[in-house]
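Take a look at the letters that make up each chain.
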Amino acid sequence: MIQLHCRWQNPRHPAPRKSDLRRFADAAAKCAGLPAEPVWDLNMIFTGDAGMTRYNEELLGHEGTTDVITFSYFDTADEWEEGETMIELIINPDAAAREGERREGGYSRELALYLVHGLLHSAGEDDLTPAPRRRMRRREKECLDELVKSFDFNKIFPENKEMA
């Protein structure tokens, strides 16, 4: 089980209920193959394009916005103490709204994908070259297909009806 710390810094999109998001993130972490014991912390920031551009430039030295930034500390930790932060995700709902218009499933599925994608990176998946990218896409689909059996993505990540 994870402990979730979440900051919603995107006024264009409604924040999910923390209890729903925690249950979803916990199930997604299990699906990604991340350890359940000891309890570890997942820190998430949901920001917009401007915030993501700032984070991307300051933290990674990359220009422009992106969908999700992942920092995983599992790969450098043989052991960790209960409650230690092991993953930090910065997720961009603005990107999810744009991409959701183009892809099947819309905004809520796209935002769920970004969370799963970040957790899969934390579990050791990579998408920088073709073969690992194909594996990552397959794992994303497997996780989302499994999660949709227990979760309504539209209820976890409600779309802003005024923006739709």
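Structure report, in brief. Worth saying up front: this structure is predicted, and the values here are computed from it rather than measured. Per chain, residue numbering runs from 1 following the sequence as it is written. Per-residue local features of the predicted model are confined to residues with pLDDT of at least 70, and side-chain atom pairs are confined, for both listing and counting, to 80 or more; whole-chain, interface and lining totals are unaffected and use all residues. Each side-chain value is derived from all of the structure's non-hydrogen atoms; neither hydrogens nor water enter the calculation.

**Section: the sheet that holds strand E3 (residues 68-72)**
Note on pairing: two strands pair once DSSP finds at least 2 bridges between them. Note on conventions: DSSP H or I runs of at least 4 residues are helices, E runs of at least 2 residues are strands, and numbering of each starts at the N terminus. The strand order across the open sheet formed by four strands is E1-E2-E4-E3, and the pairing between neighbours is mixed. A single partner strand is all that each edge strand has here, and the edge strands are strand E1 (2-9) and E3. Averaged over neighbouring strand pairs, the angle between their axes works out to 10° when direction is ignored. Note that strand E2 (residues 40-47) and strand E4 (residues 85-91) share six bridges and pair parallel. Counterpart to Leu42 in the pairing with E4 is Ile87. Set on the sheet, helix H1 (residues 18-32) makes contact with E1 and E2; between it and E1 the angle comes to about 125°. Strand contacts of helix H4 (residues 106-122): E1, E2, E3 and E4, with the helix running at about 145° to E4, the strand carrying the most contacts. Interaxial angle, 0 to 180 degrees, is taken between N-to-C directions of lines fitted to C-alpha atoms, where a helix line uses only the stretch in contact. Two residues qualify as a contact provided that any one of their heavy atoms is within 4.5 Å of a heavy atom in the partner residue.

**A look at the nonpolar core**
Within the largest apolar cluster, 40 residues are counted, with the highest numbers of intra-cluster contacts made by Trp40, Leu42, Leu115, Leu119 and Phe157. Elements supplying a minimum of two residues to this core: E1, H1, E2, E4, helix H3 (93-102), H4, helix H5 (130-147) and helix H6 (153-156). Sort the elements by how many residues they give to this core and H4 lands first, with nine residues. Among residues more than four places away in sequence, those in contact with Trp40 are Met1, Ile2, Gln3, Ala29, Leu34, Pro35, Phe74, Trp80, Gly83, Glu84, Met86 and Ile87. Remark: nonpolar core denotes a set of buried residues (Ala, Val, Leu, Ile, Met, Phe, Trp, Tyr, Cys) joined through side-chain atoms within 4.5 Å. The classification of residues rests on relative accessible area computed with a 1.4 Å probe and restricted to protein chains. Under 20% of the type maximum is buried, over 50% is exposed, and intermediate values are partly exposed.

**Digging into the packing of aromatic side chains**
Geometry of aromatic contacts follows a simple scheme: Phe, Tyr and Trp rings, the Trp one being its six-membered ring, pair when their centres are within 6.5 Å, and the pair is stacked under 30 degrees between planes, edge-to-face over 60, tilted otherwise. This model, assessed by the stated rule, comprises seven aromatic pairs. Here Trp40 and Phe74 contribute two aromatic rings whose centre-to-centre distance is 5.2 Å and whose plane-to-plane angle is 90°, an arrangement assigned as edge-to-face. Of this pair, Trp40 sits in strand E2 while Phe74 sits in the loop between E3 and E4, and the two are 34 residues apart along the sequence. Take Trp40 and Phe74: they sit in the same class, and that class is buried. A connected cluster of aromatic rings, assembled from ring pairs, spans Trp8, Phe24, Phe46, Phe151, Phe153 and Phe157.

**Considering the pairing of E4**
Most of E4 sits out of view: five of its seven residues are buried. Examined bridge by bridge, E3 and E4 share five bridges and lie antiparallel to one another. The residue bridging Phe71 from the neighbouring strand is Glu88, located in E4.

**Focus: the side chain of Asp26**
Here Asp26 lies in helix H1. Taking relative accessible area as the criterion, Asp26 reaches 8% and is therefore assigned buried. Once you skip the residues sitting within four places of it in the chain, Asp26 turns out to touch Met1 and Ile2.

**Observations concerning the pattern of salt bridges**
Salt bridge, as applied in this entry: a Lys or Arg side-chain nitrogen positioned within 4 Å of an Asp or Glu carboxyl oxygen. Scanning the model with the defined rule gives 16 salt bridges in all. Notably, a salt bridge pairs Asp145 with Arg109, separated by 4.0 Å at the nearest N-O pair. Of this pair, Asp145 sits in helix H5 while Arg109 sits in helix H4, placing them 36 residues apart in sequence. One salt bridge in this structure joins Asp145 and Lys141, with 2.6 Å as the shortest N-O distance. Within this pair, Asp145 and its partner Lys141 are both found in helix H5, separated by four residues, close to a single helical turn. Three or more residues are tied together by salt bridges with common partners; here these are Glu99, Arg102, Arg103 and Glu110.

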